[in-house]
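A structural walkthrough
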Amino acid sequence: MYLDLAFIEDFALLSEFSKKFNQEFIVCRNFRNDFELKQLKEKPAGKFKVCHLMLTANPAELSKFRQKVEFIAVYGKNLQRNKFAVSTGKVDFLLMPCSTAKKPEFDAALARLAAESKVCIALLFEEFLNSRPEELKDLLRNYILAARLCKKYKVKIAVFSGAKKQEDLRQAKDFSAFLCFLGLKREHALKEVRELRIFLEKKGKIEGFEILEE
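Residues numbered from 1 in each chain as written. Predicted model: local features only at pLDDT ≥ 70, side-chain atom pairs only at ≥ 80, totals over all residues. Heavy atoms only, no water.

Examining the pattern of salt bridges
All chains considered together, the criterion is met by 15 salt bridges. For the salt bridge of Asp92 with Arg66, the shortest nitrogen-to-oxygen distance reads 3.2 Å. With Asp92 in the loop between helix H4 (79-87) and strand E5 (93-95) and Arg66 in helix H3 (residues 59-66), this residue pair connects regions lying 26 residues apart in the sequence. Each member of the pair, Asp92 as well as Arg66, is classed as buried. (Salt bridge = Lys/Arg side-chain N within 4 Å of Asp/Glu carboxyl O. Helix = DSSP H or I, 4+ residues; strand = E, 2+ residues; numbered from the N terminus. Buried < 20%, exposed > 50% of the residue type's maximum accessible area, 1.4 Å probe, protein only.)

So this is what it looks like as structure tokens:
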């Protein structure tokens, strides 16, 4: 089963689409404190994994939440946050490393660090879907380059729905098609989608595997 990441906390809806799409979900949120995390975990979340979203390069915040959630993600589009995400060894996902800037915030040096730290570069389909036409062109240009760098340096790349509402939920086949659109060959794109779970298993992020300490 593919693990999709979404910003939806309607667990009945996620359960419905989990069966419909035959995939599981990671519920992602920027938790401001332990109370918000506790509230979420007290809901009938079922088997959904929880991901804390970091919006700043804050080592104290990373240490605080690392042992309390299954996943840690850093929102990119910023050189400082990108460097932080690929350098600590304790971050699972770097979400959207590139903005629409003429000079992309993700380069070969960061790709090498991401490979060494086993950080997955994650694209949020929702951001492409809801971009204005003039923004979409620049986003695609920068992510075509990012996809090439991930392939060259053997960095795990994934596409998540990043859904904030039901209409933005997508199936795994859409994610592999989007990777093809960014320049990956079909076989490579399918492999990236199929092996996301294996990648996370090796990091100890799926049940049955021990978490690997640095």
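There is more to say after this.
Some words on the pairing of strand E7 (residues 157-160)
Neither face of E7 is exposed, since Ile157 and Val159 on one face and Ala158 and Phe160 on the opposite face are all buried. Pairing between strand E6 (residues 120-124) and E7: four bridges, direction parallel. By the bridge assignment for E7, Ala122 is matched with Ala158. (Pairing = 2+ DSSP bridges.)

Topic: the packing of helix H8 (residues 172-181) against helix H9 (residues 186-194)
It is the contact of H8 with H9, at a shortest axis distance of 8 Å, that shows an interaxial angle of 135°. Our classification of the angle between H8 and H9 gives oblique. The hand of the H8/H9 crossing is right-handed. Residues Ala172, Phe175, Ser176, Leu179 and Cys180 of H8 touch H9, and the partners they reach there are Arg186, Ala189, Leu190, Glu192 and Val193. Residue composition of the contact of H8 with H9, by class: seven nonpolar, one polar and two charged. (Axes fitted to C-alpha atoms, helices over the stretch in contact; angles between N-to-C directions. Parallel < 35°, antiparallel > 145°, perpendicular 65-115°, else oblique. Left-handed = near helix turned anticlockwise from the far one by under 90°. Contact = heavy atoms within 4.5 Å. Nonpolar A, V, L, I, M, F, W, Y, C, P; charged D, E, K, R; others polar.)

A word on the packing of aromatic side chains
Considering all chains together, one arrives at eleven aromatic pairs under this definition. With a centroid separation of 5.3 Å and an interplanar angle of 75°, the aromatic rings of Phe128 and Tyr143 are classed as edge-to-face. Separated by 15 residues along the polypeptide, Phe128 in helix H6 (residues 125-129) and Tyr143 in helix H7 (residues 133-152) bring together distant segments of the chain. We note that Phe128, like Tyr143, is buried. An aromatic cluster is built from Tyr2, Phe71, Phe93, Phe160 and Phe175, whose rings are joined through pairwise contacts. (Phe/Tyr/Trp six-rings, centres within 6.5 Å; stacked < 30°, edge-to-face > 60°.)

So, the confidence of the model for the chain
When pLDDT is averaged across the chain, the result is 92; 94% of the residues are at 70 or more. Low pLDDT, under 50, characterises residues 208-214; the stretch is placed with nine contacts to residues that sit more than four places away or in other chains. (pLDDT = per-residue confidence, 0-100.)

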